[in-house]
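Take a look at the letters that make up each chain.
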Amino acid sequence: MIQHCCPSLLKAGLIGALVMIAAACSTPSAVVETPEPVRIYGLPAFDEAHYERADAMLSRNVMGLVFRDRVNTTWLSESLFWYSVNAPEGTEYHLVNTQTLSTNPLFDRERLAAGLNTADSENEVSADNLVVSQITVSGDARYMEFRHDGKLWYVDLESYEVTPQKPDNITAPRSAVFSPDARYAAFIQDYNLWVRDMHTGDDIQLTTDGSHRFGYSTDSQGWTRSTRPILKWSREGYMISTYQLDERNVPEMHILRTAQNRPELVSWPYAIPSDPDDQVPMHHRVVIDVQNQVLVRLQGGPYHQRTSNCCGLTRGNDWADNQFIDGNRKLAFVATSRDYKEVTLKIADLSTGEVRDIFHERDEIFIETNLNSRGVPNWRVLYERGQFIWFSRESDWGHLYLHDLATGERLNSITEGTWNVSDILRLDEETGRIWFTAVGIDPDKDPYEEYVYSVLLDGTGLSLHTPDTGHHSVSLSPEAGFLVDTYSTVNSAPVTVLRDSFGEILLTLEEADLSRLFEAGWQFPTPFSAKARDGETEIFGLMFKPADFDPNKRYPIINSIYPGPQIGSVGTRGFAHSRRGQAQALAELGFIVVQIDALGTPMRSRSFHAAYFGDMSDNGLPDQIAAMQQLAAQHDFIDISRAAIYGHSGGGFATAAALFNHGDFFMAGVAGAGNMDNRGYTFYWGEKFQGPFERFDDGTDSFTNQALQYQVEGLTGHLLISYGTMDTNVHPNTTLQLIDALIAANKDFELIVMPNRGHGYANESYKLRRTWDFFVRHLHEMEPPREYRFR
């Protein structure tokens, strides 16, 4: 009867329900005073002011509070470059002469506004409200093309005569990939590859036999897909390397989109680790001469849908692992095995399609040709020299080696030591000098900070070009005589300078302005190091404290985790206020929050990276716990008896594993969108980091040990699980399997289902608020403000 009379009680819960009966069950005509909100858990109230401070620290709220930290450089010549920078009044544009070391505005805003008003008297503009974009500058900085008010304009920067560019009415197809000279725009139509000539507007069909599930340049990788073609243009812009994707036998994944009356079924090809070779997507490689409309099929295929390093097929606009050589008469490419243990450098003759093997490497764990997630693979063919550069971790560290192109024989090491090459930046075949970023060379520096070096191909002449402490992001001049360098640390502001090739600072271009960020209450995180589970290996992390931190108080500690293996929890070692805003926001609720790069993450040795290969449910959690315990031993303000963890995607997987396998340490966790059993996640991920799928005689398989639905009996703490019903990356099925197992084991847990959300719902206000509420209740034992609304 109470349920029929007082449905509101169902929402409020049983605790405190009797307080509501008299008011809620009164007759409709009775005058009832609005009762005070019932505190469902019977806990003291948590101050809403903490939520307001946390809200202010969210990434979306602090992004616009920093200025002069984002510098984008365009080199016009060895002696001239221009750059844009975010300023309080809007974007600024500056022109720099490397010979005179002069810096001037790229254009005069007053004169440009006047020129525009002369050219277009109907739409008057002033210097204050002048907004330009899509800027292109001539090599001598005399002329500039730009977009304003939706139109394209051309200006002489001496006379400031402004003329409209003639509208050609030629628009690029949606999701097109442009050639380097912007002459052609490649796109997919009816499973075939086309290009639009942006000079004439003509559409040219390059292939004709594409069909459903056997189309050209198709971006369908299971965990991600789009309508954008995947291909590699030659530098001159008239040759294309791409493939015909065969996914005709790939089993489908299914998902339901919530809709009025009836849900809508969405299905697409999605290979998982247990699928046999004849049921996974394969590439039939082709090279197309756009100008002559000639297609050549490469022999030796089909090839697995793989690149030689994580993650996905593209790097920027390019299909990775492709290089046109010999005046576009040949194509060098790397083929990677399904299990990521073998890579082969091949060269194709583009007149015949004949393919020749050049070099082969096998790693019994997994291959990486670049340790940065989505970095360009670190191999290069030096055709004129008859050599190639190869990246390998055979020494346990990622280094560059020089090989003979004809025989594949190694000639010498280019780099060596207990450190890693990160990215090849530039290669000068004439001088034989290679420029690259590296981590860990200086033992006195943070081993994750990237510095710029160069070395000769024979391994001599190693030079450091960015000596200042910090993480460096650079733009090299055309001849590498100068570099624009933006550097910072996790607890220092970015500075952008012009350096000469010896690393000397010639000009300070910009210094980031953090004043408004600090005024909002933001503060730098504190870097720290600790020992991993073995008591010997040093691991590194960041600690976040609330703005009103009191060292005499005791704070619960929360781990913000992303376990890798392709990246870690911390991310860049440079200044990154917006990326770390969620951790700082949570700290404002009276917590110590930590991010730690444990074993199993990249940028360290191969053995460090592959520490838990074969058992992904390890997630580096023993290292996370060891580091948190050491922090608590060093700082009395950390209450290690109130430890919690949260994460999304791989972090959701790690969080659930932490609650199941380390319940004696973690008392609460929030797990979002986790790949809870990698047998049901994309085949490339599990096969690379767990190993090939194998069935055993006892009914188990090589993935059983990482499947969290078999580990739920260990849950003793508080667990909040969430998933998006339209997550086409990490399918909700693995989470539903876990939920079913929790129910079967009679385990208490909380659940949030996000209808029609994909994988990226982690920062939605509702999800954030429920996460905050969860930790306030279970770590502070206080009742959060009811249904707090974010600003």
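Residues numbered from 1 in each chain as written. Predicted model: local features only at pLDDT ≥ 70, side-chain atom pairs only at ≥ 80, totals over all residues. Heavy atoms only, no water.

S.K.: I tried to follow the packing of aromatic side chains on my own but got confused; where do I start?
M.R.: In this description, a pair of aromatic rings is defined by centroid distance and the angle of the planes. Inspection of the entire model under this criterion finds 40 aromatic pairs. The interplanar angle of 80° and the centroid separation of 6.0 Å between the aromatic rings of W268 and Y270 together place this pair among those described as edge-to-face. Across the pair, Y270 and W268 agree in class, each one buried. Three or more aromatic residues link up through ring pairs in this structure, and these residues are W223, Y340, F366, F613, Y681, Y684, W685 and F689. Above the ring of F790, the side-chain terminus of R60 is found at 5.3 Å from the ring centroid. Over the ring of F333 we find R285; its NZ or CZ atom is 4.0 Å from the centre of that ring. (Phe/Tyr/Trp six-rings, centres within 6.5 Å; stacked < 30°, edge-to-face > 60°. Buried < 20%, exposed > 50% of the residue type's maximum accessible area, 1.4 Å probe, protein only. Lys NZ or Arg CZ within 6 Å of the ring centre and 35° of its normal.)

S.K.: Would you mind going over the nonpolar core with me for this structure?
M.R.: It is characteristic of soluble globular proteins that their nonpolar side chains tend to be buried jointly. Counting residues in hydrophobic clusters, the biggest one holds 130 residues, and the most contacted among them are F660 and F775. The element contributing the most residues to this core is helix α11 (residues 650–661), with seven residues. If we skip the residues at most four places from it in the chain, F775 touches I558, L586, F591, A644, I645, Y646, A668, G669, V670 and H780. In terms of nonpolar packing, the next biggest core, distinct from the first, is built from 23 residues, F107, I135, F146 and L157 among them. (Core = buried A, V, L, I, M, F, W, Y, C linked by side-chain atoms within 4.5 Å. Helix = DSSP H or I, 4+ residues; strand = E, 2+ residues; numbered from the N terminus. Contact = heavy atoms within 4.5 Å.)

S.K.: It is not clear to me how the sheet that holds strand β39 (residues 505–511) should be interpreted in this structure. Could you clarify?
M.R.: In space, the four strands of this open sheet follow the order β36-β37-β38-β39, with antiparallel pairing throughout. Of all the strands in the sheet, just β36 (471–476) and β39 have a single pairing partner and so form its edges. With strand direction ignored, the average angle separating the axes of adjacent strands in the sheet is 25°. Relative to strand β37 (residues 482–489), β36 runs antiparallel, the two being bridged by six bridges. Following the sheet pairing, H472 is matched in β37 by Y487. (Pairing = 2+ DSSP bridges. Axes fitted to C-alpha atoms, helices over the stretch in contact; angles between N-to-C directions.)

S.K.: Explain the pairing of strand β4 (residues 102–105) to me, please; I cannot follow it from the model alone.
M.R.: Consecutive side chains along a regular strand alternate between the two faces of the sheet. Sheet topology note: the strand β3 (residues 90–97)/β4 ladder contains four bridges and is antiparallel. When the sheet's bridge partners are listed, H94 is paired in β4 with P105. Counting the residues that bridge the hairpin from β3 to β4 gives four residues, and of these L101 lies at a positive phi of roughly 60°.

S.K.: What is the right way to read the pairing of strand β18 (residues 264–269) from this model?
M.R.: Examined bridge by bridge, strand β17 (residues 252–257) and β18 share six bridges and lie antiparallel to one another. Counterpart to H254 in the pairing with β18 is S267. Counting the residues that bridge the hairpin from β17 to β18 gives six residues, and of these N261 lies at a positive phi of roughly 75°.

S.K.: Can you walk me through unusual backbone geometry in this structure?
M.R.: P302 follows G301 through a cis peptide bond whose omega is 0°. Positionally, P302 belongs in the loop between β20 (294–297) and β21 (303–304). The omega angle of the peptide bond from G564 to P565 is 10°, so this bond is cis rather than trans. Mapping P565 onto the fold places it in the loop between β42 (555–560) and α8 (581–587). Despite not being glycine, A141 has its phi angle at roughly 60°, a positive value. Here A141 is to be found in the loop between β5 (133–137) and β6 (143–148). Although it is not a glycine, N328 sits at a positive phi angle of roughly 70°. Looking at the element boundaries, N328 is found in the loop between β24 (322–325) and β25 (330–336). Taking relative accessible area as the criterion, N328 reaches 9% and is therefore assigned buried.

S.K.: Is there a simple way to explain the sheet that holds strand β41 (residues 538–544) in this structure?
M.R.: Strand pairing within a sheet occurs via backbone hydrogen bonds; the two strands may be parallel or antiparallel. Across the sheet, which stays open at both edges, the eight strands sit in the order β40-β41-β43-β42-β44-β45-β46-β47 with mixed pairing between neighbours. Each having just a single partner strand, β40 (526–531) and β47 (750–754) make up the two edges of the open sheet. Along the sheet, successive strands turn relative to each other by an average axial angle of 20°, direction set aside. By the bridge criterion, five bridges tie β41 to strand β43 (residues 592–597) in an arrangement that is antiparallel. For L542, the partnering residue across the bridge sits in β43 and is Q595. Along the sheet face, α11 touches β44 (638–648), β45 (666–672) and β46 (718–724) and points at about 150° away from the line of β45.

S.K.: I tried to follow the pattern of salt bridges on my own but got confused; where do I start?
M.R.: Where side chains of opposite charge bring their charged atoms close, a pairing between them can arise. Applying the stated criterion to the full structure yields 43 salt bridges. Put simply, D468 and R499 hold a salt bridge, and the shortest N to O gap is 2.7 Å. Of the two residues, D468 is situated in the loop between β35 (463–464) and β36 and R499 in strand β38 (residues 492–500); the sequence distance between them amounts to 31 residues. What makes D468 partly exposed here is its relative accessible area of 26%. Here R679 and D677 are joined by a salt bridge, their closest N and O atoms 2.8 Å apart. In terms of burial, R679 and D677 fall into one category: buried. In the salt-bridge network here, residues are joined through shared partners; they are D277, R306, R338 and E687. (Salt bridge = Lys/Arg side-chain N within 4 Å of Asp/Glu carboxyl O.)

S.K.: Just checking my understanding: could you explain the side chain of S475 for this structure?
M.R.: Along the chain, S475 turns up in strand β36. Among the polar contacts listed, one links the side chain of S475 to the side chain of W75, at a separation of 3.1 Å. (Polar contact = N/O pair within 3.5 Å; in protein donor to acceptor, adjacent residues only side chain to side chain.)

S.K.: Any chance you could explain the packing of helix α4 (residues 48–57) against helix α14 (residues 765–780) here in plain terms?
M.R.: Two packed helices can be described by the angle between their axes and the distance between those axes. With their axes 12 Å apart at the nearest point, α4 and α14 run at an angle of 135° to one another. Put simply, α4 runs oblique to α14. Note that α4 runs across α14; the crossing there is right-handed. Together, Y51, A54 and D55 of α4 and W772, D773 and V776 of α14 make up the contact between the two elements. (Parallel < 35°, antiparallel > 145°, perpendicular 65-115°, else oblique. Left-handed = near helix turned anticlockwise from the far one by under 90°.)

S.K.: What is the right way to read the side chain of T307 from this model?
M.R.: Secondary-structure assignment places T307 in the loop between β21 and β22 (314–315). With relative accessibility at 2%, the residue T307 sits in the buried group. In terms of polar contacts, T307 uses its side chain to reach the backbone carbonyl oxygen of N309, at 3.0 Å. Within the structure, T307 has its side chain in polar contact with the backbone oxygen of G312 (distance 2.9 Å). Residues within four places of T307 in sequence aside, it is in contact with G312, L313, R315, A320, D321, T336 and Y340.

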